[in-house]
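# Structure assessment
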Amino acid sequence: MSVLRFRVTALLVAGLGTAAFTDEIPLFAVPVPTALRCESLEHPLGIDAPRPRLSWRLTTRDATGRGQRQTAYQVLVASTPEALARGTGDRWDSGRVQNDQSVQVEYAGTALASGQECYWKVRVWDAEGRASPWSDTARWTMGLLQARDWTGHWIAGPSLRDPDGQTFPVLRKEFQRDRAVRRATLYVASLGYHRIEVNGRRVGDHEFDPVQSDYRRRVYYVTHDVTSCLVAGENGIGAALGSGWHGKGLPGVTDQRPALRLELIVDCQDGSQSRVASDASWKADVGPVRLLGGLRHGGGDFGVEIYDARREQPGWNQVGFDDSAWKPAVVLQPPPIACSAQMIAPNRVVSRLRTVAVSEPQPGRYLLDFGTNLTGRLRMKITGASGREIGFVYYASHTGDPRMLNEDFKQADRYICRGGPDEEFASPFNWRAFRFVLVTGLERKPSHSDAVAELITTDLPRCGTFECSDAVLNRLHELVVHTFRCTTLGGIQVDCPHRERLGYGAEGQGGLPQAVYNFDAAAFYAKWARDFQDGQDTDSGLVYYTAPFRIHSGGGPAWSGACIVYPWNVYLFYGDKRVLADGYP
């Protein structure tokens, strides 16, 4: 179907309701394809759908375009941008297809293999049979489609007993690049969270990768283009790991240690290919992060993250670092589960808030007020002698009254100073839900420029807006959008981001109607539908109340009914029939 998106402004007149609408979109004479998507994502890397679905949106140039429609389309998919520019679809040339379909157009070209690049464009014909210009070029790449495409092993740091909590490892590897690189692609899966750096540069802007999954069935891998990160000669790659949801007691977790599986594939200009994969040749050591306490089977305690800056090792993620004191990485043999592409928007920092007030309710105890509840983390500049401990307690608030701080839900962190300039605390592997932060242990009262609150969410593109003449309704709408962002992390919507953090089916269904109008949420709900399918009991057929981490509490059929409601709404709103087929028993 052809879709023309527009913005509507409503004028509310007392006693009359909606009195007038004004169409504010510029209209064009001949529809032109824009906003190209593959599997509902823009320029996705490393997808594992063997026959991807393609979509586009139509725009027109002037008022004579009113009533226009698509009557036919042609899609070209090529292996290189040069071939596409010549008009050669060496992977697929659909020819002229007499159809008004502009969403979920299934690729029907040559069979796609792991790692392949696909460049594509589309043109359409209008109601008078006139052809549009070609769209701009879009791109997608294929991921690792078969288990045999992975040569890397699951690796972890050595088992270490620390009376002060569970330690998180850092791992590293150096490798040689002696040929000109055409493309370098990094595939990363982890049991728990990971952060990757190449030659001292952080790879990507994702937070809390990979998104959540049922560890009995699958884990997701993330794909990055790291061509620009490599240099001639020696290169270094480093990984920092955190436990995330890979905790003791959860289904599928057989070894509590966070683990890494990595595959770096380097395609050279001369046609050769080389690989760097996770194996026993990697070196491992204890990183600066450890967790005190932790996941308590359904919520209420997600641990105190302690960041000991004295354990930082400058240069650990670069070439030439002396790792002679580090130990060999441990190769693990976790139960075999699917390693699937993370085909969903990642978690990202989407906004940053400064303090609106900094007070000292008691001597040496400083209260930071960020003016609104949010989910994410605190980022704060720190000054202190080596070994000085800074404490953080996080409070959400229903009232905004700093005298009524009782919603901390055991949310706390600690930072131990290394001593010296330019210290900064920002929790790498845990989020908090808060408005207020109580800080202790500082040498002086913090200024407004010392601290920022980072809102982190699954970064779904915004596709709808609402605006009317009633400021209260406008504010209410933005509160709904903000709340959805604050409860949407890891590819699910949680019931509460501080206490339980679980993907309850009924709460998700409650948020769905506004989500599909405000956000491009097709991939999001398709992924969450898969979570419920993964969590279904194979013997009894029982679907649990939460996904991807199933628990035996709360609710009834309405909660489990998400396994039906999510796919059905993805079909209704986005035309995706495959999500229905995947969920059919």
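What you are looking at is a predicted structure, and each value in this text was computed from that prediction instead of being measured. (Residues numbered from 1 in each chain as written. Predicted model: local features only at pLDDT ≥ 70, side-chain atom pairs only at ≥ 80, totals over all residues. Heavy atoms only, no water.)

Glancing now at the overall build of the protein chain. For the protein chain, the count of helices and strands is 7 helices and 33 strands. A compact globule built from 585 residues should have a C-alpha radius of gyration of about 25 Å, and the protein chain, at 25 Å, falls within 12% of that. Dimensions along the principal axes, computed over C-alpha positions, put the protein chain at roughly 75 × 70 × 55 Å. A sequence separation of at least 24 residues applies to 75% of the contacts in the protein chain between residues at least 6 apart. A total of about 25400 Å² of accessible surface is found on the protein chain, and carbon and sulfur atoms cover 51% of it. For the protein chain, the distance from the average site of its 66 positive side-chain charges to the average site of its 66 negative ones is 1 Å. (Helix = DSSP H or I, 4+ residues; strand = E, 2+ residues; numbered from the N terminus. Rg over C-alpha atoms; globule rule 2.2 N^0.38 Å. Contact = heavy atoms within 4.5 Å. Areas by Shrake-Rupley, 256 points an atom, 1.4 Å probe, with all protein chains shown as cover. Lys, Arg positive; Asp, Glu negative; His and termini not counted. Charge placed at Lys NZ, Arg CZ, Asp CG, Glu CD.)

Within a regular strand, the side chains alternate between the two sheet faces. The sheet contact formed by strand β17 (residues 259–268) and strand β18 (residues 273–277) spans 5 bridges and is antiparallel. Note that in β18 the partner of D267 across the bridge is Q273. Between the end of β17 and the start of β18, which pair antiparallel, lie 4 residues, with G271 showing a positive phi angle near 95°. (Pairing = 2+ DSSP bridges.)

In this section: helix α3 (residues 505–518). Two residues of an α-helix separated by three or four positions point the same way, owing to the 3.6 residues in each turn. Look at α3: 20 Å from first C-alpha to last across 14 residues, which is about the 20 Å you get at 1.5 Å a residue. At L512, α3 shows its strongest bend, of approximately 45°, with the proline P513 following within four residues. Burial in α3 covers these residues: G505, G508, G511, L512, Q514, A515, V516 and N518. Tucked into the core, α3 has its buried residues touching α2 (471–486), β33 (492–493), α4 (522–535), α5 (557–560) and α6 (562–574). (Expected span 1.5 Å × (residues − 1). Bend = angle between axes of the 7 residues up to and from the residue. Buried < 20%, exposed > 50% of the residue type's maximum accessible area, 1.4 Å probe, protein only.)

So, about the confidence of the model for the protein chain. Residues of the protein chain with pLDDT of at least 70 account for 92%, and the chain-wide mean is 91. Confidence drops under a pLDDT of 50 for residues 1–28, and excluding neighbours within four residues, the segment shows 61 contacts in the predicted structure. (pLDDT = per-residue confidence, 0-100.)

Direction vectors running N to C along α3 and α4 enclose 165°, while the axes themselves pass 12 Å from each other. With respect to each other, α3 and α4 are oriented roughly antiparallel. You can see that α3 and α4 cross each other, and the crossing is left-handed. Across the interface between the two elements, G505, G508, G511, L512, A515 and V516 from α3 touch Y525, W528 and F532 from α4. Looking at side-chain class alone, the contact of α3 with α4 contains 6 nonpolar, 3 polar and no charged residues. (Axes fitted to C-alpha atoms, helices over the stretch in contact; angles between N-to-C directions. Parallel < 35°, antiparallel > 145°, perpendicular 65-115°, else oblique. Left-handed = near helix turned anticlockwise from the far one by under 90°. Nonpolar A, V, L, I, M, F, W, Y, C, P; charged D, E, K, R; others polar.)

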